[in-house]
Amino acid sequence: MPRRRPARVRTHRAASPWLFLLPGLAVVTAFGLHPFLATVRSAFTDARALSPGHWVGLANFRAMADDEQFWTALRNSTLYVVLVVPFTVVLPLLLALLVHKQLPGVTFFRSAFYTPVVASVVAAALIWAWILDDRGLVNGILHTLGAGPVSFLGDAWLLLASAMALTVWKGLGYYMVVYLAALANVPRELHEAAAVDGAGALRRFVSVTVPAVRPTMVLVAALSSVSAFKVFSEVFLLAGPTGGPAGQDTTLVMLVQRAGTGLGGRLGYASALSLVVFAVALLLMLLVLRADRKEDA
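Here's what I pulled together on the structure shown here. (Residues numbered from 1 in each chain as written. Predicted model: local features only at pLDDT ≥ 70, side-chain atom pairs only at ≥ 80, totals over all residues. Heavy atoms only, no water.)

Quick look at the overall build of the protein now. Counting secondary structure elements, the protein contains twelve helices and zero strands. In the protein, the succession of helices and strands from N to C terminus is α-α-α-α-α-α-α-α-α-α-α-α. Expressed along its principal axes, the backbone C-alpha trace of the protein runs to roughly 75 × 70 × 35 Å. When each of the 297 residues of the protein is scored for burial, the buried share is 34%. Long-range pairs, those at least 24 residues apart, make up 68% of the contacts in the protein with a sequence separation of at least 6. Split by element, the accessible area of the protein, about 18000 Å² in all, is 69% carbon and sulfur. (Helix = DSSP H or I, 4+ residues; strand = E, 2+ residues; numbered from the N terminus. Buried < 20%, exposed > 50% of the residue type's maximum accessible area, 1.4 Å probe, protein only. Contact = heavy atoms within 4.5 Å. Areas by Shrake-Rupley, 256 points an atom, 1.4 Å probe, with all protein chains shown as cover.)

Let us look at the nonpolar core. Among the nonpolar cores identified, the biggest contains 60 residues, and F70, Y80 and L273 are the most heavily contacted of them. Secondary-structure elements contributing two or more residues to this core are helix 3 (68–100), helix 5 (121–132), helix 7 (156–183), helix 9 (201–229), helix 10 (233–239), helix 11 (252–260) and helix 12 (267–296). Of the residues forming this core, the biggest block, 13 residues, is contributed by helix 7. Sequence-distant contacts of Y80, defined by excluding residues within four places in its chain, comprise V85, L160, A163, M164, T167, A228, V231, E234 and V235. (Core = buried A, V, L, I, M, F, W, Y, C linked by side-chain atoms within 4.5 Å.)

Attention shifts here to the packing of aromatic side chains. This structure, assessed with the given rule, holds nine aromatic pairs. Seen in terms of ring centroids, F232 and F236 are 5.0 Å apart; in terms of plane orientation they differ by 20 degrees. Their pairing is stacked. Residue F232 is classed as partly exposed on the basis of its relative accessible area, which comes to 24%. (Phe/Tyr/Trp six-rings, centres within 6.5 Å; stacked < 30°, edge-to-face > 60°.)

Locating T216 in the fold gives a position in helix 9. When neighbours within four sequence positions are excluded, T216 is seen to be in contact with V178, Y179 and A182.

With respect to the element layout, L166 can be found in helix 7. Looking at L166, the relative accessible area reads 1%, which means it is buried. Through-space distance from the C-alpha of L166 to that of W128 is 7.6 Å; in sequence the pair is 38 residues apart. The contacts of L166, once residues within four sequence positions are left out, are A124, A125, W128, E234 and L238.

It is worth spelling out helix 5 at this point. The α-helix advances 3.6 residues per turn, and as a result positions three or four apart in sequence lie on the same side. Helix length check: helix 5, at twelve residues, gives a terminal C-alpha distance of 16 Å against a target of 16 Å (1.5 Å per residue), a fit within 8%. All of the buried residues along helix 5 are A124, A125, W128, A129 and L132. Looking straight down helix 5, one finds its buried side chains confined to an arc of 135 degrees; they lie on one side. Exposed positions of helix 5 whose direction lies more than 90 degrees from the buried face are L126 and W130. Those residues of helix 5 hidden inside the fold are in contact with helix 6 (137–144), helix 7 and helix 10. Its side-chain oxygen at 3.2 Å from the backbone nitrogen of V122, S120 defines the N-terminal cap of helix 5. (Expected span 1.5 Å × (residues − 1). Arc of directions from axis to C-beta. Polar contact = N/O pair within 3.5 Å; in protein donor to acceptor, adjacent residues only side chain to side chain.)

Next up on the list: the environment of L126. In this fold, L126 is placed in helix 5. On the accessibility criterion, L126 (52% relative accessible area) is exposed.

This brings us to helix 9. Taking 1.5 Å of rise per residue, 29 residues should cover 42 Å, yet helix 9 covers just 35 Å from first to last C-alpha, more than 12% shy of that figure. Approximately 60 degrees is the largest bend angle found in helix 9, and it occurs at R214, with the proline P215 only one to four residues beyond. (Bend = angle between axes of the 7 residues up to and from the residue.)

Below, the structure is given as structure tokens:
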């Protein structure tokens, strides 16, 4: 008859998984959950940098609805998602297809395409600002061709488009590597069978490659949507802390930073803005996942 284990041993075995999880849970609670809950509480107060504030209910959200700068920032962040995400989904896939084949020198091109990812966003933005300046490289070429200077950093819409181009360029290499991993798992037999049936390169791309990497495309769309909506560094470094001409290029995260910093920072209002950013980013991810499920249905 097997001997029964002591109760103390069984208790320890039940608790041991939680002991392994405890350090990770402590870090998540201290640096993730607690700041999030503190932000939620602060969003309903009139807290400032030097004052904990008092409960004001939905006053911050009502002030947000009447804030013209908020609607400008929401417009810019939404435009960022609409215009940047299609490029970050399609262009890295095309790059991955170009460097997927084992050709001479392909390693050099893989490294070249990935270099912007490891470069500092500050350094990259400063280089782009120099290139796009009124006396920069691009306008120097235009002057040589007899064209007038283009104010890339002085016009609100051109500045926003320049920041979008920087974001796409900076993320191409990262998403290219993600697609390379997906392409490596596409069965070679599918392409061979399609070629035997007379399908050309474009037809094989549409009928074989795209369906095979569609889950990866959904992942890239979700990640790039959230990243584009929360954009800060690219616009801040090109437009400056004022958000471009008359603040017309301000994004939501820039507005959060502007409202919550300084001795007179309105932490309650900045927290309310942060909740809006979180809610919209979560909604974007859910919409992308829902669209993917409809495709599968």
